Amino acid sequence: MKSKYNEAPRVIYFRDELNDEFSTAEITPKKIDGSYKYDRSSGFYRIPRFFCYRIVAIPLAWLYLKLKFRHKIIGRKKMKAARKTGRFVFGNHTQIIGDALIPSFVDFPNGPYVIVHANNVSMSVLGRINPYLGALPLPDDKDAMRNFTDIIKKRIDQKKAIFIYPEAHIWPYYTGIRPFRDDSFIYPVKHGTPTFCFTNTYQKRKNSKNPRIVTYIDGPFYPDTSLPPRTQRKELRDKVYSTMLERSKLSNCIMVEYKKYNEDNI
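Let me begin by describing the structure that accompanies this report.

Rules used in this analysis
Residues numbered from 1 in each chain as written. Predicted model: local features only at pLDDT ≥ 70, side-chain atom pairs only at ≥ 80, totals over all residues. Heavy atoms only, no water. 1 Å grid on protein atoms, 1.4 Å probe; cavity = no way out; pocket = protein on both sides within 12 Å on 5 of 7 lines; lining within 4 Å. Points joined across faces, edges and corners; volume = space filled by probe spheres on them. Salt bridge = Lys/Arg side-chain N within 4 Å of Asp/Glu carboxyl O. Helix = DSSP H or I, 4+ residues; strand = E, 2+ residues; numbered from the N terminus. Buried < 20%, exposed > 50% of the residue type's maximum accessible area, 1.4 Å probe, protein only. Axes fitted to C-alpha atoms, helices over the stretch in contact; angles between N-to-C directions. Parallel < 35°, antiparallel > 145°, perpendicular 65-115°, else oblique. Contact = heavy atoms within 4.5 Å. Nonpolar A, V, L, I, M, F, W, Y, C, P; charged D, E, K, R; others polar. Phe/Tyr/Trp six-rings, centres within 6.5 Å; stacked < 30°, edge-to-face > 60°. Lys NZ or Arg CZ within 6 Å of the ring centre and 35° of its normal. Pairing = 2+ DSSP bridges.

## As for empty space enclosed by the protein
Inference 1: Under the defined criterion, the tally for this structure stands at one cavity of 30 Å³ or more.
Inference 2: Here the largest cavity is characterised by a volume of approximately 30 Å³.
Inference 3: Along the walls of the largest cavity sit Tyr 38, Arg 40, Ser 41, Arg 49, Tyr 113, Pro 131, Leu 136 and Arg 155, which together make up its complete lining.

## Concerning the pattern of salt bridges
Inference 1: Tallied over the entire structure, the rule returns 13 salt bridges.
Inference 2: The salt bridge involving Arg 247 is made with Asp 218; its shortest N-O contact spans 2.8 Å. Separated by 29 residues along the polypeptide, Arg 247 in helix H7 (residues 229-248) and Asp 218 in strand S8 (residues 212-221) bring together distant segments of the chain.
Inference 3: Relative accessible area serves as the criterion here: at 23%, Arg 247 is assigned to the partly exposed category.

## Section: the packing of helix H1 (residues 46-69) against helix H3 (residues 98-106)
The axes of two packed helices give the description: the angle between them and the distance between them.
Inference 1: Between H1 and H3, the least distance of the axes is 10 Å, while the angle of their chain directions is 110°. One finds that H1 runs roughly perpendicular with respect to H3. Here Tyr 53, Ile 58, Ala 61, Trp 62, Tyr 64 and Leu 65 of H1 come into contact with H3, specifically with Gly 98, Leu 101, Ile 102, Ser 104 and Phe 105.
Inference 2: When grouped by side-chain class, the residues that make up the contact of H1 with H3 number nine nonpolar, two polar and no charged.

## Here's the deal with the packing of aromatic side chains
Inference 1: Under the definition given, this model contains 19 aromatic pairs.
Inference 2: Geometrically, the ring pair formed by Phe 90 and Phe 185 is stacked, given 4.1 Å between the ring centres and 5° between the ring planes. Linking Phe 90 in strand S3 (residues 87-91) with Phe 185 in the loop between strand S6 (161-164) and helix H6 (186-191), this pair joins segments that are 95 residues apart in sequence. No difference in accessibility class separates Phe 90 from Phe 185, as the two residues are buried.
Inference 3: Ring geometry for Phe 180 versus Tyr 241: centroids 5.4 Å apart, planes at 75°, classification edge-to-face. Here Tyr 241 lies in helix H7 and Phe 180 lies in the loop between S6 and H6, a separation of 61 residues in the sequence. Here Phe 180 and Tyr 241 have matching classes, each one buried.
Inference 4: Between Arg 40 and the ring centre of Tyr 36, over which it is positioned, the NZ or CZ distance is 5.4 Å.
Inference 5: A cation over an aromatic ring shows up here: Arg 237 above the ring of Phe 180, its NZ or CZ 5.1 Å from the ring centre.

## Re the pairing of S6
Inference 1: Burial along S6 is two-sided: the face carrying Ala 161 and Phe 163 and the face carrying Ile 162 and Ile 164 are both buried.
Inference 2: Sheet analysis places S3 next to S6, joined by four bridges and oriented parallel. What sits directly across from Phe 88, in S6, is Ile 162.
Inference 3: Relative to S6, strand S4 (residues 113-116) runs parallel, the two sharing two bridges. Looking at the pairing, Tyr 113 lines up with Ile 162 of S6.

Right, here's the structure in full:
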């Protein structure tokens, strides 16, 4: 498969599918310690959250995704049917900007919460806004971990959706699903919630060099409570991974080709 106009896709060489990062952003992450304020939606914080999310972010995100990618979501009704309970949603990580925006429309009109790397709250401007958009950075010490687990529980009790990118690292326009660990599946097992996944696929478009992003939503998946917790995690991860892998086959264009590095192909 080739990109628009039959051009050869750009090639990126990787060494480690689990740990290689191909985002071009250079950010020095701040430490997320016990002083970090995770709850930005209660009390006074409701005002800046409403303004940042409803007035600014949603219209701009919609324009960006529609104009650049003609973004389309298939299966949103599955998420809508699960709004009587908290839920975790896993997705593939293939867009630097788009991946921050797509969760808002997967569970629209509900505001999503997204577990992120500290980089997402460390940028000079966006780093101040992202927490009001639902960014929940991973903690760096025990005090922050306590606050982090508390906010996860609070959002689940509030019947919110918490989004996770289990691949952890961005591979722009990657059309496969990289193997990911089962660590983050501890959350739905611990809280006994349904799990969903969304898979961003890349489709050919006429008269545009940009592909269309079509997002498929699948689920719900549930942990098998007859198994030990660690086995529940692995089984749930495997269900999500195999579903995303099957959905990824619906991509029909390649903008970037990723090849395993070795001395013979460089």
